[in-house]
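Tertiary structure, described
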Amino acid sequence: MSNILIINAHHHYSFAEGKLNGTLVQMADELLTAKGHQTRIVKVDKGWDVDQELENHQWADIVILQTPVNWMGVPWTFKKYMDEVYTAGMGGALCNGDGRTEDAPKTNYGTGGTLAGKKYLISLTFNAPKESFDDPNEYLFQGKSMDDLLFPMHMNFRFFAMEALETFACYDVMKNPRVENDFQRFSKHLEAHIPG
């Protein structure tokens, strides 16, 4: 069985209280522990201890990042978490600097990761409908995928030498929510990518 760190990156706003992200975190915890996995949950809005978060990442075989997409990225509180925790991890806990050496200062940028063999899964909640992605005729994303949009997050985990599991997303959650369907899809997604 695996050790799984679940990060709830939701930041509370009066118009977005975090119920969907919170429920997805709870579902993941319940489904995964029922299969015998060990879990730890971090709720970014409640604050964090940098040393504990570094230990959590080292402990985890899999990191699940549960986050809304706010203005085409993660909430500002999770960006602050990354700035503090991930920067502190550059001394070896998460990576050994950026991977370059004095002998080759122009190559191998991003190859210093120390978490090889570990995996991550990004689970997203969008106001955007699914149809707005992967379609060159759609104005905003111009044919790009959700993973294209979240490319910087993927690169952060890759910087630590972690391997991606398939991204999950709930779409159109504010104007046309299909929550029960999302929950069923999420359960199947976890079963497919983190079996017991």
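Here the structure is a predicted model, which means the values were calculated and not measured.

For the protein, the count of helices and strands is six helices and six strands. Its C-alpha atoms give the protein a radius of gyration of 17 Å, within 12% of the compact-globule value 16 Å for 196 residues. Overall, the C-alpha framework of the protein stretches about 55 × 45 × 35 Å when taken along its three principal axes. Burial statistics for the protein: of 196 residues in total, 44% are counted as buried.

Enumeration over the complete set of coordinates arrives at seven salt bridges. Lys 79 is the partner of Asp 83 in a salt bridge, and the nearest nitrogen-oxygen pair spans 2.6 Å. You can see Asp 83 and its partner Lys 79 sitting in helix 3 (residues 76-88), four residues apart, about one turn around the helix.

Quick look at the nonpolar core now. Judged by nonpolar contacts, the single largest core of 38 residues is most densely connected at Phe 78, Tyr 81, Tyr 86, Phe 126, Met 153 and Phe 157. If you list the elements that add at least two residues to this core, you get strand 1 (3-8), helix 2 (50-59), strand 3 (62-68), helix 3, strand 4 (119-125), helix 4 (146-149) and helix 5 (151-159). Of the residues forming this core, the biggest block, five residues, is contributed by helix 3. When neighbours within four sequence positions are excluded, Phe 157 is seen to be in contact with Val 63, Leu 65, Tyr 86, Tyr 120, Ile 122 and Met 162. Within the second largest apolar cluster, 18 residues are counted, among which are Leu 20, Met 27, Cys 170 and Ile 194.

This part covers the UniProt feature "domain: Flavodoxin-like fold" (unreviewed entry) in the protein. The feature "domain: Flavodoxin-like fold" (unreviewed entry), as annotated in UniProt, sits at residues 3-193 in this numbering. Annotation note: span residues 3-193, helix share 35%, strand share 16%, distance between end C-alpha atoms 14 Å.

Our focus in this paragraph is helix 6 (residues 179-193). Each turn of an α-helix holds 3.6 residues, which means side chains three or four residues apart point in the same direction. Here helix 6 spans 21 Å end to end across 15 residues, near enough to the 21 Å set by a 1.5 Å rise per residue. Within the span of helix 6, buried status applies to Asp 182, Phe 183, Phe 186, His 189 and Leu 190. One side of helix 6 holds all its buried residues, which, seen down the axis, span an arc of 125°. Turned more than 90 degrees off the buried face of helix 6, the exposed positions are Glu 180, Gln 184, Lys 188 and Ala 192. In the core, the buried residues of helix 6 are packed alongside helix 1 (19-34), strand 3, strand 4 and strand 6 (168-170).

This part is about the side chain of Thr 167. Following the sequence through the fold, Thr 167 ends up in the loop between strand 5 (163-164) and strand 6. With a relative accessible area of 6%, Thr 167 lands in the buried category. Separated by 2.6 Å, the side chains of Thr 167 and Asp 147 make a polar contact.

A few words on the packing of aromatic side chains. Considering all chains together, one arrives at 13 aromatic pairs under this definition. When the ring of Phe 78 is compared with that of Tyr 81, the centres are 5.2 Å apart and the planes differ by 20°; the resulting orientation is stacked. One end of the pair is Phe 78 and the other is Tyr 81, both in helix 3 and three residues apart, which spans about a single turn. Assigned by exposure class, Phe 78 and Tyr 81 land together as buried. Between Tyr 120 and Phe 157 the ring centres are 4.4 Å apart and the planes differ by 15°, which places this aromatic pair in the stacked class. Taken together, the residues span a long stretch of sequence, with Tyr 120 in strand 4 and Phe 157 in helix 5 at a distance of 37 residues. Classification of Tyr 120 by relative accessible area gives buried; the value is 4%. Using a relative accessible area of 1% as the deciding quantity, one classes Phe 157 as buried.

Before going further, it helps to spend a moment on the packing of helix 2 against helix 3. As a packed pair, helix 2 and helix 3 sit with axes 9 Å apart at the nearest point and diverge in direction by 70°. Considering the angle they form, helix 2 stands roughly perpendicular to helix 3. Considering only the axes of helix 2 and helix 3, their crossing is right-handed. Two secondary-structure elements touch here, helix 2 through Val 50, Glu 53, Leu 54 and His 57 and helix 3 through Tyr 81, Glu 84, Val 85, Tyr 86 and Ala 88. Among the residues making up the contact of helix 2 with helix 3, the classes are represented as six nonpolar, one polar and two charged.

Conventions used here
Residues numbered from 1 in each chain as written. Predicted model: local features only at pLDDT ≥ 70, side-chain atom pairs only at ≥ 80, totals over all residues. Heavy atoms only, no water. Helix = DSSP H or I, 4+ residues; strand = E, 2+ residues; numbered from the N terminus. Rg over C-alpha atoms; globule rule 2.2 N^0.38 Å. Buried < 20%, exposed > 50% of the residue type's maximum accessible area, 1.4 Å probe, protein only. Salt bridge = Lys/Arg side-chain N within 4 Å of Asp/Glu carboxyl O. Core = buried A, V, L, I, M, F, W, Y, C linked by side-chain atoms within 4.5 Å. Contact = heavy atoms within 4.5 Å. UniProt positions renumbered as here; feature names shortened; annotations may be inferred. Expected span 1.5 Å × (residues − 1). Arc of directions from axis to C-beta. Polar contact = N/O pair within 3.5 Å; in protein donor to acceptor, adjacent residues only side chain to side chain. Phe/Tyr/Trp six-rings, centres within 6.5 Å; stacked < 30°, edge-to-face > 60°. Axes fitted to C-alpha atoms, helices over the stretch in contact; angles between N-to-C directions. Parallel < 35°, antiparallel > 145°, perpendicular 65-115°, else oblique. Left-handed = near helix turned anticlockwise from the far one by under 90°. Nonpolar A, V, L, I, M, F, W, Y, C, P; charged D, E, K, R; others polar.

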